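Chain and residue survey
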Amino acid sequence: MGNARLRSIHVHPVKAFRGLAPREAVVEPWGLAGDRRWALIDDGGKVVTQREQPRLALAAAELLPGGGVRLSAPGMDPLTVPVPRPQGTVTVEIFGDKVEGVLAEQPAAHAWCSEYLGAGSRLVHMDDPAVRRPVEPEFALPGETVTFADGYPLLLTTDASLDALNSLIAQGPHQAEGPLPMNRFRPNLVVSGTAAWAEDDWSRVAVGEVTFRVAKVCGRCLVTTTDQFTAARGKEPLHTLGRHRRIDGRLVFGQNLVPLERGTIRIGDPVTILE
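For the structure given in this document, a descriptive report is provided here. (Residues numbered from 1 in each chain as written. Predicted model: local features only at pLDDT ≥ 70, side-chain atom pairs only at ≥ 80, totals over all residues. Heavy atoms only, no water.)

1. Re the overall build of the chain
Counting secondary structure elements, the chain contains three helices and 19 strands. Here the C-alpha atoms of the chain give a radius of gyration of 18 Å, agreeing with the 19 Å that 2.2 N^0.38 yields for 275 residues. Its C-alpha atoms give the chain principal-axis dimensions of about 50 × 40 × 35 Å. Relative to its 275 residues, the chain shows a buried fraction of 52%. Across the chain, every contact between residues at least 6 apart in sequence was considered, and the portion connecting residues at least 24 apart equals 69%. Element-wise, carbon and sulfur atoms account for 51% of the exposed surface of the chain, whose accessible area totals about 11800 Å². (Helix = DSSP H or I, 4+ residues; strand = E, 2+ residues; numbered from the N terminus. Rg over C-alpha atoms; globule rule 2.2 N^0.38 Å. Buried < 20%, exposed > 50% of the residue type's maximum accessible area, 1.4 Å probe, protein only. Contact = heavy atoms within 4.5 Å. Areas by Shrake-Rupley, 256 points an atom, 1.4 Å probe, with all protein chains shown as cover.)

Below, the structure written as structure tokens:
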């Protein structure tokens, strides 16, 4: 395991939009700085993801100094949205959690999102991730929080496990869909130099100077079947995960992490399995 390295870093400023791939990132208690601090909600306050709107895969958000975002998408003029000033909050529903967020101030932001999706939607910002949303209690330590990510501060995947999964897909009935790229799984950290599925046995890991707790394996959903370049949907990887990677009733790929300290991580950092 001495050769394990951090191969890539991925930050998604707006949940469900295309991610960025910086060479380094600051780790905060609730995840990578700037990751999923923004999300779209529908008219009922429920978070909109690629599950309902696969076209979100084609939208991009550039992270601006101070935490604002510059939105772009096919057929749309780019739009810059600053972080809203402290004001009243709205209730956001995300996978059963009720979380408070702050709406973008300019009506143009909501109109832009609604026009692109062809459905009423609003852009919301998580103003204070230190207090807004606890990590799933069954797998959390006291005080751990998360942004608008699915449930945990970071998601880690490994190249070796993707290679193994693609080998299995190549042997199955939907082999024409493979090999799949890593962006199907929308990770934050991608690690090279491990054995396939080695991450199943990790409980604490250091990436460069920062230590993380491995909270639980990541159950996968319909989003993984969405081509992140075209927004088209297929059968894989869920068909193959269902045959080979079903754990406790979930189709799994990758591990959810919680930072145990702040720090900066960089591409090329050594990845050390502590326990």
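Next, the rest of the story.
2. Quick word on the nonpolar core
Grouped together as the largest cluster of nonpolar side chains are 24 residues, with contacts concentrated most on Val 14, Phe 17, Leu 40, Leu 71, Val 81, Trp 112 and Leu 123. Where this core is concerned, the elements lending two or more residues are β4 (38-42), β7 (69-73), β8 (76-81) and α1 (107-117). For this core, the element with the highest residue contribution is α1, accounting for five residues. With sequence-adjacent residues up to four places away left out, Val 14 is seen in contact with Trp 38, Ala 39, Ala 61, Val 69, Leu 71 and Leu 123. (Core = buried A, V, L, I, M, F, W, Y, C linked by side-chain atoms within 4.5 Å.)

3. Considerations on the pattern of salt bridges
Enumeration according to the criterion identifies eleven salt bridges in this entry. Ionic pairing is found between Lys 15 and Asp 150, a salt bridge with its closest N-O pair at 2.5 Å. Here Lys 15 is found in the loop between β1 (5-9) and β2 (24-28), whereas its partner Asp 150 is found in the loop between β11 (121-125) and β12 (154-158), with 135 residues between them in sequence. Given the relative accessible area of 42%, Asp 150 is considered partly exposed. Linking Glu 24 and Arg 266 is a salt bridge whose minimum nitrogen-to-oxygen distance equals 3.4 Å. Here Arg 266 lies in strand β18 (residues 263-266) and Glu 24 lies in strand β2, a separation of 242 residues in the sequence. Residue classification places Glu 24 among the partly exposed positions, given a relative accessible area of 45%. Beyond isolated ion pairs, a larger network of salt bridges with shared partners links Lys 15, Arg 51 and Asp 150. (Salt bridge = Lys/Arg side-chain N within 4 Å of Asp/Glu carboxyl O.)

4. Looking at α1
Within the sequence span of α1, burial applies to Ala 109, His 110, Trp 112, Cys 113, Ser 114, Tyr 116 and Leu 117. One or two residues past the end of α1 sits Gly 118, with phi positive at roughly 70 degrees.

5. Overview of the packing of aromatic side chains
If you walk through the whole model with that rule in mind, you get three aromatic pairs. Look at Phe 185 and Phe 253: their rings are 4.1 Å apart centre to centre, the planes differ by 25 degrees, and that puts the pair in the stacked class. Of this pair, Phe 185 sits in the loop between α2 (159-170) and β13 (189-192) while Phe 253 sits in strand β17 (residues 250-259), placing them 68 residues apart in sequence. Each member of the pair, Phe 185 together with Phe 253, is buried. Here the aromatic rings of Trp 197 and Phe 253 are separated by 5.9 Å at their centres, their planes lie at 90 degrees, and the arrangement is edge-to-face. With Trp 197 in the loop between β13 and β14 (204-207) and Phe 253 in strand β17, this pair connects stretches of sequence that are 56 residues apart. A residue is classified by how much of its surface remains accessible, and Phe 253, at 0% relative accessible area, is buried. We note Arg 55 situated over the ring of Tyr 116; from NZ or CZ to the ring centre the distance is 4.1 Å. Cation over ring: Arg 245 sits above Trp 197, and NZ or CZ is 4.0 Å from the ring centre. (Phe/Tyr/Trp six-rings, centres within 6.5 Å; stacked < 30°, edge-to-face > 60°. Lys NZ or Arg CZ within 6 Å of the ring centre and 35° of its normal.)

6. Observations regarding the sheet that holds strand β10 (residues 97-103)
The five strands are arranged β5-β4-β11-β10-β9 in an open sheet whose pairing can be described as antiparallel. Only two strands of the sheet have a single partner each, and these edge strands are β5 (47-48) and β9 (90-94). Where β4 and β5 come together, two bridges link them in antiparallel fashion. Considered in β5, the bridge of Ile 41 is made with Val 47. The strands that α1 touches are β4, β5, β10 and β11; relative to β11, the one it contacts most, it runs at about 130 degrees. (Pairing = 2+ DSSP bridges. Axes fitted to C-alpha atoms, helices over the stretch in contact; angles between N-to-C directions.)

7. Quick notes on unusual backbone geometry
In this structure, the amide linkage connecting Gly 178 to the following residue, Pro 179, adopts the cis form with an omega of -10 degrees. By secondary structure assignment, the location of Pro 179 is in the loop between α2 and β13. The phi torsion at Ala 16 lies on the positive side, around 80 degrees, for a residue other than glycine. The buried category is assigned to Ala 16, whose relative accessible area is 5%.

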